[in-house]
Amino acid sequence: MFSGLSAFPLTPMRGDAPDSHRFIRLVERLADAGVQSIGALGSTGNYAYLTLEERLRMSRIAVDHAAGVPVMVSVGAVRTRDVLTLAEGAQRAGVGALLLAPVSYQPLTEDEVFGLYQTVAHHCDVPLCIYDNAATTHFTFTDALYQRLAQLPAVCSIKLPGSPLAAPAGRERVEKLRALLPSRIKLGVSGDMFAQAGLRAGCDVWYSVVGGLYPRLALRLLRGAREDGQQDADFLSDLEPLWTLFRGHGSLRVVAALAVFSGLLDEPPLPAPLKMLPAQEQQQIRTLLPVLEAWEAA
């Protein structure tokens, strides 16, 4: 479950509701490409904007159309009650793992976050992945909290922010975490522009946004980082404008624009009040699109 490429697809929207048919198309695209796992309803999958019933329904659809590829579903919510409802429903659907971020309105303390994971772990029959995403939760995990959480038997992976894994300190950071945590805890890099650095530093899995739309491109990047650290110079150069857009506007809006302009989706997968990129950045996406599609098809 926690190795290789874990691809996180968009959750397409039609009006105010998730578009099941388009979502199935994206999930099947990932399964056909041979990704190691699928991360449904992550941040790119709009989980925070959907109702509990919508999330449960899309969880079932993801599992049903993944062709046996393990599916991890995000169950983060403000109320622990709702997290447990989502966790129970996802497990009934047959997911391979649960992804949990400490979502909140009021700032959470370390004890509150530990209590959340402890409660959910007690109700887990599948592995639980810690989602460390301070950019959206505004909660910063400490290494001491990682250690406490790693003692919960259900916890099997940490989805790490990518920035601390960048060279030259990335390997040192991963080695420090390896020394602190049980060997069963698999470390994953997120933030696609940091994927190469995180994988070369020793992370087990890449939790990828771009892999949710261009899985073959992402698998190529994964292989290059794993095999000898060498990548085709043209390939890396072509990806840099994409990472620049990610840095400036966030991955969701960028990947949403790519999905629409490529024809994979016929309307933006962005629930209100989110809006598409400004006109200038949309033109940059249109210019970048043929390059990415060529690498996806290579």
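Q: Mind showing me how you'd approach the overall build of the protein here?
A: Summing up its helical and strand segments, the protein has 12 helices and 10 strands in all. For 298 residues, the compact-globule estimate of 2.2 N^0.38 gives 19 Å, and the protein sits close to it at 18 Å. Taken along the three principal axes of its C-alpha coordinates, the protein extends 50 × 45 × 35 Å. Evaluated residue by residue, the protein yields a buried proportion of 55% over its 298 residues. Once local pairs closer than 6 in sequence are excluded, the contacts in the protein between residues at least 24 apart make up 72%. Working note: accessible area of the protein is about 12600 Å², and carbon and sulfur atoms make up 51% of it.

Q: Quick question: what am I supposed to make of the layout of surface pockets here?
A: One number sums up the size of the largest pocket: a volume of about 1000 Å³. Around the largest pocket sit 38 residues that line it, and Ser43, Tyr131, Asn133, Ala135 and Thr136 are the ones nearest its centre. For the lining of the largest pocket, the secondary structure elements donating two or more residues are helix H5 (134-137), strand S10 (205-208), helix H10 (233-249) and helix H11 (251-261). Counting residues per element, the lining of the largest pocket draws most heavily on H5, which supplies four residues. Considering only residue class, the lining of the largest pocket consists of 16 nonpolar, 17 polar and five charged. By volume, the second largest pocket is sized at about 290 Å³. Around the second largest pocket sit 20 residues that line it, and Met193, Phe194, Gln196, Ala197 and Arg200 are the ones nearest its centre.

Q: I keep staring at the packing of helix H4 (residues 110-122) against helix H6 (residues 143-150) and nothing clicks. Help me out?
A: For any two helices packed against each other, one specifies the inter-axial angle together with the distance between the axes. Between H4 and H6, whose axes approach to 10 Å, the crossing angle comes to 25°. With respect to their mutual orientation, H4 and H6 come out roughly parallel. With respect to the hand of their crossing, H4 and H6 are arranged in right-handed fashion. Contacts between H4 and H6 involve Glu110, Asp111, Val113, Phe114 and Tyr117 from the former and Leu145, Arg148 and Leu149 from the latter. In the contact of H4 with H6, the residues fall into five nonpolar, no polar and three charged.

Reading the values: the criteria
- Each chain carries its own residue numbering, running from 1 in the direction its sequence is written.
- For a predicted model such as this one, the threshold for reporting local features is a pLDDT of at least 70, and the threshold for listing and counting side-chain atom pairs is 80 or more; totals across whole chains, interfaces and linings nevertheless cover every residue.
- Heavy atoms from the whole structure form the basis of all side-chain values; hydrogens and water molecules are not counted.
- By definition, any uninterrupted DSSP run of H or I lasting at least four residues is a helix, any uninterrupted run of E lasting at least two residues is a strand, and each is numbered from the N terminus.
- The atom set for the radius of gyration is the C-alpha atoms, and the globule formula is 2.2 Å times the number of residues raised to the power 0.38.
- Here the term buried applies to any residue with accessible area under 20% of the maximum for its type, exposed to any over 50%, and partly exposed to those in between, with areas from a 1.4 Å probe on protein chains only.
- Between two residues, a contact is recorded if the distance between any of their heavy atoms is within 4.5 Å.
- To be clear on the numbers: accessible area is Shrake-Rupley with a 1.4 Å probe, and residue cover counts the displayed protein chains and nothing else.
- We place a 1 Å grid over just the protein atoms. Points where a 1.4 Å probe fits but has no way out form a cavity, open points with protein on both sides within 12 Å along at least 5 of 7 lines form a pocket, and any residue with an atom within 4 Å of a point lines it.
- Grid points are joined across faces, edges and corners, and a volume is the space filled by probe spheres set on the points.
- For this classification, Asp, Glu, Lys and Arg are treated as charged, while Ala, Val, Leu, Ile, Met, Phe, Trp, Tyr, Cys and Pro are nonpolar and the rest, including Gly, are polar.
- Lines are fitted to the C-alpha atoms to define the axes, a helix being fitted only along its stretch in contact, and any angle between axes, read from their N-to-C directions, falls within 0 to 180 degrees.
- Working definition: roughly parallel below 35 degrees, roughly antiparallel above 145 degrees, roughly perpendicular at 65 to 115 degrees, and oblique for all remaining angles.
- The hand of a helix crossing depends on one turn: near helix anticlockwise from the far one by less than a right angle means left-handed, and clockwise means right-handed.

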